[in-house]
Amino acid sequence: MTGHGVLVVGVDGSDASARALRWALAEGRRRCVPVHAVMAWTPHAVLAGPGPMLMSPGLAPHHVRDQHWEDLKSVVRGCMGGTTTPEVHAELVEGDAAEVLAERSAHAAMLVLGDRGRGRIADAILGSTALRCIHQARCPVLVVPEGMPEPTGEDAQAGVASFDPALD
């Protein structure tokens, strides 16, 4: 990631992260800046030995990673709709979501997050990843709450740029 004009969005497949991505895409169109959709994932240990892997090969870390990558591409495509702007880069990173997003925020104009994700721990007011990012980010953080107006059709059609071919 280069430059400080990019918008970084935390994506985890939840409705809240899709809402944040749609907001960032509309803002990216207005500013004519790229959007970086970042999904962090943590591989979960499988019981020792080949038995669990033979019984559930889908739990193998490379299969889990591939599924996260497909999920990320699907969310980005769904939020982009039929538009080709702004330029979008999708990145799947192994690691703790708050730490990965805080690190990516060092080169961003803004970090955009949903108010709740798919985490196992839910804070009474705000998702735990968003709360940690607010404290750790090195750029402004925008948390897109539920009920925020969706971008209009005019926003979705403004501008011309390229779509990251890695998502094709």
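The coordinates are above.
Calculation rules
- Residues numbered from 1 in each chain as written.
- Predicted model: local features only at pLDDT ≥ 70, side-chain atom pairs only at ≥ 80, totals over all residues.
- Heavy atoms only, no water.
- Buried < 20%, exposed > 50% of the residue type's maximum accessible area, 1.4 Å probe, protein only.
- Helix = DSSP H or I, 4+ residues; strand = E, 2+ residues; numbered from the N terminus.
- Pairing = 2+ DSSP bridges.
- Contact = heavy atoms within 4.5 Å.
- Axes fitted to C-alpha atoms, helices over the stretch in contact; angles between N-to-C directions.
- Left-handed = near helix turned anticlockwise from the far one by under 90°.
- Nonpolar A, V, L, I, M, F, W, Y, C, P; charged D, E, K, R; others polar.

Draft legend 1. Representation of the pairing of strand S4 (residues 110-114) in the model. Counting buried residues along S4, 5 of its 5 residues qualify, which places the element largely inside the surrounding structure. Judged by which residues are buried, S4 turns out to be covered on both faces: Met 110, Val 112 and Gly 114 on one side and Leu 111 and Leu 113 on the other are all buried. For strand S1 (residues 7-10) and S4, the ladder comprises 3 bridges, and the chain directions are parallel. When the sheet's bridge partners are listed, Leu 7 is paired in S4 with Met 110. Sheet topology note: the S4/strand S5 (residues 141-144) ladder contains 4 bridges and is parallel. Among the inter-strand pairings, Leu 111 is bridged to a residue of S5, identified as Val 141.

Draft legend 2. Inspection of the environment of Ala 137 at higher detail. Position of Ala 137 among the secondary structure elements: in the loop between helix H5 (128-136) and S5. Residues Ala 137 and Leu 111, spaced 26 residues apart in sequence, show a C-alpha to C-alpha distance of 7.7 Å. Apart from residues lying up to four places away in sequence, Ala 137 is in contact with Ala 102, Ser 105 and Leu 111.

Draft legend 3. Structural detail: the packing of helix H4 (residues 97-104) against H5. Relative orientation of the contacting elements H4 and H5 amounts to 35°, with a least axis distance of 9 Å. Regarding H4 and H5, the two cross each other, and that crossing is right-handed. Every residue of H5 that contacts H4 at Ala 97, Ala 98, Glu 99, Leu 101 and Ala 102 is listed here: Thr 129, Arg 132, Cys 133 and Gln 136. Residues of the contact of H4 with H5, tallied by class, amount to 5 nonpolar, 2 polar and 2 charged.

On their own, these measurements won't tell you what the molecule is for.
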